[in-house]
Structures are given as C-alpha cells and as structure tokens.
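Working through the structure, step by step
Okay, here's what each chain looks like letter by letter:
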Amino acid sequence: MNSIHPRGEAAEGQAALPRVLIVTAVAAERDAVLRGLGGSDRFHVIAAGAGPAAAAAGTAAALAAGDYGCVVNAGIGGGFPEVAPLGSLVVASEIIAADLGAETPEGFRSAAELGFGSVSVPVDSGTAHALAAALAAAGLVVSTGPVLTVSTATGTAETAAALAARHPGAAGEAMEGHGVAVAARALGLPVLELRAVSNPVGPRDRAAWQIPAALNALTEAAAILLEVL
Ligand SMILES: O=C(O)c1cccc(C(=O)CC[C@H]2O[C@@H](n3cnc4c(=O)[nH]cnc43)[C@H](O)[C@@H]2O)c1
C-alpha cells in the first residue's frame, strides 16, 4: 500500500502517485464519492450516466482528456443476498457482462459461448484485495466476488436465480462496470469496481431500496480508497 502525501503530491524524493479516474452513473453517487475523498486533487470523479454504453463512452472521453494510472467504477448496486447484505460493500474480483449474449430455445447463451470472446474483464487483483482488506479493517462489511453488469436490472426471483447459477459466487449486480472496464482495458489501465448495496438482487421493490445508507457506505469506502490507491 502507498502512503499518500496530503493532496496526492509527491513527498520529497518520492515519485508522484498516478491520478485515478472514478466513474459513477449519477450525480448522487459522484457526490458521495467526493465527500469521502475530502478534496484530494489526485482523483477525478465523473457521473457518466446509467448503463454500460454511457459508462464506456464517458470513461473513454475522460481517459482521452487526462493522464490516469487507474480507473475505478463506483456506485450503489444490487447485492446477492447470501453474499452481500444491504448496506455492505462489494469489491469486484472480476467484472462480467452477464446479459451480453442471445436467448435460444435452450436458454441464454453468453457472447463467449457464441464465439465473441470473453465477457469477463479481470480487475487489478492485488489492489482489489488490498482495498477489501482495508475496508474490513475499518470495520465495514465487505464481500469480494464477481460483479455482474446488466443492461436490465434484475426484477424477479427467477432471473436472480439464473444469474447466480450461471455465475457462482456472484456478489453484486450493477449497470456500468463492464463498460468502464472495457474502456480502461483499451488503454491498458487497471480497473476496479466498488459497489455499496442498496437493494437485493431479486424481485423489484424500488420503494424498499436503501439508497441513503448505501450512499453513506460509499462515502466511507471512498475515504479508504484514498488510503489504498
Ligand atoms: O433516487 C436517488 O436518490 C438515487 C440516488 C443514487 C443513485 C440512484 C440510482 O438509481 C442509481 C442507479 C444505478 O444503481 C445501480 N443499481 C442499483 N441497484 C441495482 C440493481 O439491483 N441492479 C442493477 N443496477 C443497480 C446501477 O448501476 C444504476 O446505474 C438513485
């Protein structure tokens, strides 16, 4: 882990730490992350819009305009209840485009099964482990596991069960990770995904989403991110 000089500047005799791009979907998530970062100018936080296409385009545009050493997708997300309870944090071990593929009479076939290449982007595993350990050490509840990127948020028990069966150990679901990861990978940059769980992956009950608690957890996690990256 790095020791970070105030405002991310290099201490005398040390190389400057690389800048970090953090991509969220909406302004409320961006602002929650910014509160945790406490004004560090080493981090650039954007709200690129919801869904993988907006996330990929926003990430690519930001990376083209600046010099970054690492990209993080952050926000609220759904948690698979056996793995990631409400209000907890999820650090992705891999980022999977879970609904990229085709329906067939025999069921869903992933883009990988159709011959289009992998639907999974690896994360920077050393940093992901360090982040999860630091979050746990700070007393936060954290899980690691695959985080699924979907264009349609899961809204039934049947879809949740099918996703869990296709992706054993899946911890969470959100709508931007794979877009951010593909854009980062195009420039050879390491990527992470960090989610605060606002709702279970399962039958849709939007009124029950615990958004303020998840945004608070995201703020707490961003303060730890500052120490780890
Ligand atoms: O209404 C609000 O105040 C509010 C504040 C912050 C964020 C939101 C969102 O609606 C964020 C949308 C964003 O959340 C992710 N998400 C959350 N739960 C799920 C899920 O179960 N399945 C998939 N995605 C989920 C997703 O990344 C959305 O882009 C509202």
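Residues numbered from 1 in each chain as written. Predicted model: local features only at pLDDT ≥ 70, side-chain atom pairs only at ≥ 80, totals over all residues. Heavy atoms only, no water.

For the record, the criterion: UniProt positions are given in the numbering used here, feature names are shortened, and annotations may be inferred rather than shown by experiment.
The protein carries the name Futalosine hydrolase in an unreviewed UniProt entry, which gives Paenibacillus albidus as its organism. Looking at the Pathway (unreviewed entry) heading of the UniProt record, one finds this comment for the protein: "Quinol/quinone metabolism; menaquinone biosynthesis." We quote the UniProt Function (unreviewed entry) comment for the protein here in full: "Catalyzes the hydrolysis of futalosine (FL) to dehypoxanthine futalosine (DHFL) and hypoxanthine, a step in the biosynthesis of menaquinone (MK, vitamin K2)."

Some remarks on the overall build of the protein
What counts, and what does not: Segments assigned H or I by DSSP are reported as helices when at least four residues long, segments assigned E as strands when at least two residues long, and all are numbered from the N terminus. For this measure, only C-alpha atoms enter the radius of gyration; the expected value for a globule follows 2.2 Å times N^0.38, where N is the number of residues. Note on exposure labels: buried denotes an accessible area under 20% of the residue type's maximum, exposed denotes more than 50%, and partly exposed covers the range between, all computed with a 1.4 Å probe on protein chains only.
Assigned secondary structure in the protein consists of six helices and 10 strands. Since a compact globule built from 229 residues should have a radius of gyration of about 17 Å, the 17 Å found for the protein is in line with a globular shape. The dimensions of the protein, computed from C-alpha atoms along their principal axes, are 65 × 35 × 30 Å. Looking at the protein as a whole, 47% of its 229 residues are labelled buried.

Quick word on the confidence of the model for the protein
The condition is simple: Each residue carries a pLDDT value, the predictor's own confidence for that position, ranging from 0 to 100. Working rule for contacts: check all heavy atoms of both residues, and any pair within 4.5 Å makes them a contact.
The predicted model of the protein averages 94 in pLDDT, with 94% of residues at 70 or higher. Note that pLDDT drops below 50 for residues 1-9; the model gives that stretch 21 contacts with residues more than four away or on any other chain. Across the interface, the model reports ipTM at 0.97; the global pTM reads 0.94.

Here's the deal with the pattern of salt bridges
To keep things clear, this is the line we draw: Salt-bridge detection follows one rule: a side-chain nitrogen of Lys or Arg within 4 Å of a carboxyl oxygen of Asp or Glu.
Scanning the entire structure with this criterion turns up three salt bridges. We note a salt bridge from Asp-31 to Arg-30, for which the minimum N-O separation is 3.1 Å. Exposure remark for Arg-30: the relative accessible area of 27% places this residue in the partly exposed category. Members of the salt-bridge network, linked through shared partners, are Glu-176, Glu-193 and Arg-195.

What to know about the UniProt feature "domain: Nucleoside phosphorylase" (unreviewed entry) in the protein
Here the UniProt feature "domain: Nucleoside phosphorylase" (unreviewed entry) sits at residues 39-225. Helix makes up 33% of residues 39-225 and strand 30%. Its end C-alpha atoms lie 13 Å apart.

Details of the packing of helix H1 (residues 27-37) against helix H6 (residues 211-228)
Rules: Only C-alpha atoms enter the line fits that serve as axes; for helices the fit covers just the stretch in contact. Angles between N-to-C directions range over 0 to 180 degrees. Working rule for angles: under 35 degrees goes down as roughly parallel, over 145 as roughly antiparallel, 65 to 115 as roughly perpendicular, anything else as oblique. Note on convention: the crossing is left-handed when the near helix lies turned anticlockwise from the far helix by less than a right angle, right-handed when the turn is clockwise. For this scheme, ten residues count as nonpolar: Ala, Val, Leu, Ile, Met, Phe, Trp, Tyr, Cys and Pro. Four count as charged, namely Asp, Glu, Lys and Arg, and the remainder, Gly too, count as polar.
One way to put it is that H1 packs onto H6 with a least axis distance of 7 Å and a crossing angle of 45°. Overall, the two elements H1 and H6 adopt an arrangement that is oblique. Note that H1 runs across H6; the crossing there is right-handed. Residues Ala-28, Glu-29, Ala-32, Val-33, Arg-35, Gly-36 and Leu-37 of H1 form the contact with H6, whose own contacting residues are Leu-215, Leu-218, Thr-219, Ala-222, Ala-223 and Leu-226. Broken down by class, the residue content of the contact of H1 with H6 amounts to nine nonpolar, two polar and two charged.

Some remarks on the pairing of strand E6 (residues 107-110)
For clarity, the cut-off: What makes two strands pair is DSSP finding at least two bridges between them.
Two elements, strand E5 (residues 101-104) and E6, share four bridges in a ladder whose sense is antiparallel. The residue bridging Ala-102 from the neighbouring strand is Arg-109, located in E6. Between the end of E5 and the start of E6, which pair antiparallel, lie two residues.

Some thoughts on the site of the ligand
Let me state the cut-off plainly: Definition of nearness: a residue and a molecule or strand are near each other if at least one heavy atom of the residue lies within 4 Å of the molecule or strand. Polar contact criterion, stated in full: a pair of N or O atoms within 3.5 Å, where within protein one must be able to donate a hydrogen and the other to accept it, and residues adjacent in sequence count only if both atoms are side-chain atoms. Note on areas: Shrake-Rupley, 1.4 Å probe, and residue coverage restricted to the protein chains presented here.
Contacts to the ligand come from 19 residues, most closely from Glu-173, Met-175, Glu-176, Asn-199 and Trp-209. Residue Met-175 places a main-chain N or O atom 3.1 Å away from an oxygen atom belonging to the ligand. Side-chain polar atom of Arg-195 to an oxygen atom of the ligand: 3.4 Å apart, as the coordinates give it. Considering the ligand on its own, with 610 Å² of exposed area, one finds that the protein chains cover 81% of that surface. Those elements that provide at least two residues to the shell around the ligand are H1, strand E3 (70-79), strand E9 (172-174) and strand E10 (191-200). Of the residues that constitute the shell around the ligand, the class distribution is 10 nonpolar, four polar and five charged.

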